[in-house]
Amino acid sequence: MSLLKRSIVWLAPLIIILTGVGILFAKNYNEVTEPPSEEWSRPLQIATTPSSKQPSVTETKQDQLSVSYLTETGAAHKTYNEDLRLIDETYYDIPVDKFTRIHIEDNQMVYADYYGLYNGKTNEKIVDITGFYPLKNHVFYRDESAIHKLDMETLKSSPVLKLKDEKASVYFHEMEDQVHLMTEHRKTNEHHITFYSLENAEFTSIDSTTLNLDASEELQELLFSINNDTYSLLISTVQKTNMEGNVRYFYYFDQTAIGKNPELTELNFPDPHGTENLKEISDIELRTDTGQTSVLFKAFGATKTQFKAPAQFNIYQATLKNDQVGTVMRLSNTPKHSSNPAWYDEKTITWLDVESGSNPLYLSSGKDHLIQSAPFLTTDYFLQALGKTMGMLTYGLFGVMISVLWFIWPLLFIVILSFTNSRAMDHEHSWVLYAGAAIYIAAAVIFKNQLVTEAALSRAPEYLSFTGSTLTYLFGFALLSFGILKIGAKVRDWSMFIQLTYFIALHVAFMTIFFGPYLI
């Protein structure tokens, strides 16, 4: 018992401090592993690629998930069942550079570089090209002013469209068995658009229109979809606001009947986990199904996965109806830069997290069995939570510096007492301890807002930020510190000055551990 009493002056504070650190770590772990949205899974990694290009993720005829992506030495193709268990994998030895793109279908593989299209098994050139457009179920390429369709069984091609303008940009949209093409060419501030539909092995024009954009805005992305007799347009533009290069982003949408000119409406996408609109929207995918238009994109939005970085690029999905933004959902929540999202099906997406040298390809879903199978306990999550906790504790040490305003007054009291009433110090009168502690607590109450600011409370969890929480913890830790001191002082021959110093040190340590991490 005597040993326990002697040890309690160090053991009890250590337990309280470790409890505070443990609570902070648990909070950070929950934030790091927070699902992107309700009823949506955490990420499931299915591949790793050095390329930042979007891998191909499709559904096979056997309802299996097929993934094709670039590797350091070539290309890889993997097949998974519905539970994401690997069934088969094949690797191809092909030359890889920043222009390389691939398409794998059944037992055939083709790839393209800047100049040509090649047989992936023999590396023989099939044809010279100026553009390569691999869709999920079709492959097209461009040869100057002509669009060709490639038959993946025979690797033979046939022309499907002769472009009227060699400088026209070409966009494809595939929805189930329907394939549409859009051409766009610019004259001053006018963008001339023509829509085509693939029918009987060739593209047939179905409509044309003109977009007029502000002269100060530059077109960034142009997306379209066609469903029955309606077409949808989503446009992203950028505008330089000053000579320093600061930019503003604008997003426009219209859904109208074929044959009518679009009337673009500016859109803003609210952050579902923040108080502002999503920023820097790009990598956009657009689809229209059963009368509803959905948008998949990356954007800069709120997340709690990082230390001192309240926002990051993640993947979002939004519905558009009556030219307005409906529900916005966050579909990824990682600390890395997420990009290149793609739909696998209406309840499953994939994307890349851009890292240095190796980019993981993730899948997440709203399907129950994948929500359950997504891991909660992983080494990566542990390290992310640990790093965030250590960073917060490091910045929390600023609390010790701020608390100088608290403990300078009792120390000044001791100094004055030493000169004016040295007998009180020499004879170890207990009122010295009580007076010094009272002065310290009074100073802490007066200057409490220097450590526990309104901004810190806004960032702190509810158990630290309820009404009156600052005074509750301030007096609570004071009583706890004083209780530990009095128990330990009974078996230790400490002077009043040492006891006062110990009491102040404990109180500052407890307040710093619990409130300090939210200072900055």
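Preceding this section is the structure that the text describes.
Residues numbered from 1 in each chain as written. Predicted model: local features only at pLDDT ≥ 70, side-chain atom pairs only at ≥ 80, totals over all residues. Heavy atoms only, no water.

1. Examining the sheet that holds strand β22 (residues 279–289)
Phase 1 of the analysis: Reading across the sheet, the 4 strands line up as β22-β23-β24-β25 and stay open at both edges, with antiparallel pairing between neighbours. Each edge of the open sheet is held by one strand with a lone partner, namely β22 and β25 (324–330). The mean inter-strand angle of the sheet, taken between neighbouring strand axes irrespective of direction, is 25°.
Phase 2 of the analysis: The pairing of strand β24 (residues 311–321) with β25 spans 5 bridges and is classified as antiparallel. Residue pairing for β25: K321 is matched across the bridge by Q324. (Pairing = 2+ DSSP bridges. Helix = DSSP H or I, 4+ residues; strand = E, 2+ residues; numbered from the N terminus. Axes fitted to C-alpha atoms, helices over the stretch in contact; angles between N-to-C directions.)

2. Things to note about helix α12 (residues 496–515)
Phase 1 of the analysis: Its 20 residues place the ends of α12 28 Å apart at the C-alpha level, agreeing with the 28 Å of an ideal helix rising 1.5 Å per residue.
Phase 2 of the analysis: The buried count for α12 comes to 15 of 20 residues, which makes it a mostly enclosed element. (Expected span 1.5 Å × (residues − 1). Buried < 20%, exposed > 50% of the residue type's maximum accessible area, 1.4 Å probe, protein only.)

3. A short note on the layout of surface pockets
Space left empty within the atom packing is revealed by a probe, the size of a water molecule, rolled over the atoms.
Phase 1 of the analysis: The space that makes up the second largest pocket amounts to roughly 670 Å³.
Phase 2 of the analysis: Taken together, the elements giving at least two residues each to the lining of the second largest pocket come down to α1 (2–32), α3 (379–396) and α9 (454–459).
Phase 3 of the analysis: For the lining of the second largest pocket, the per-class residue count stands at 10 nonpolar, 4 polar and 8 charged. (1 Å grid on protein atoms, 1.4 Å probe; cavity = no way out; pocket = protein on both sides within 12 Å on 5 of 7 lines; lining within 4 Å. Points joined across faces, edges and corners; volume = space filled by probe spheres on them. Nonpolar A, V, L, I, M, F, W, Y, C, P; charged D, E, K, R; others polar.)

4. What to know about the pattern of salt bridges
Any two side chains of opposite charge can pair, on the condition that their charged atoms come close.
Phase 1 of the analysis: Counted under the stated rule, the structure contains 8 salt bridges.
Phase 2 of the analysis: Across the pair K27 and E31 runs a salt bridge, and its minimum N-O distance is 2.8 Å. Of the two residues, K27 and E31 are both situated in helix α1; the distance of 4 residues between them amounts to about one turn of the helix.
Phase 3 of the analysis: Classification of K27 as buried rests on a relative accessible area of 17%.
Phase 4 of the analysis: Classification of E31 as buried rests on a relative accessible area of 13%.
Phase 5 of the analysis: Notably, a salt bridge pairs K388 with E31, separated by 2.6 Å at the nearest N-O pair. Separated by 357 residues along the polypeptide, K388 in helix α3 and E31 in helix α1 bring together distant segments of the chain. (Salt bridge = Lys/Arg side-chain N within 4 Å of Asp/Glu carboxyl O.)

5. Structural notes on the packing of aromatic side chains
In this description, a pair of aromatic rings is defined by centroid distance and the angle of the planes.
Phase 1 of the analysis: Counted according to the given criterion, the structure contains 33 aromatic pairs.
Phase 2 of the analysis: A ring pair is formed by Y133 and F172, whose centres lie 4.9 Å apart and whose planes are at 40°; its orientation type is tilted. Separated by 39 residues along the polypeptide, Y133 in strand β10 (residues 131–134) and F172 in strand β14 (residues 169–175) bring together distant segments of the chain. Of the two residues examined, Y133 and F172, each falls in the buried class.
Phase 3 of the analysis: Over the ring of F313 we find K298, and its NZ or CZ is 5.1 Å from the ring centre. (Phe/Tyr/Trp six-rings, centres within 6.5 Å; stacked < 30°, edge-to-face > 60°. Lys NZ or Arg CZ within 6 Å of the ring centre and 35° of its normal.)

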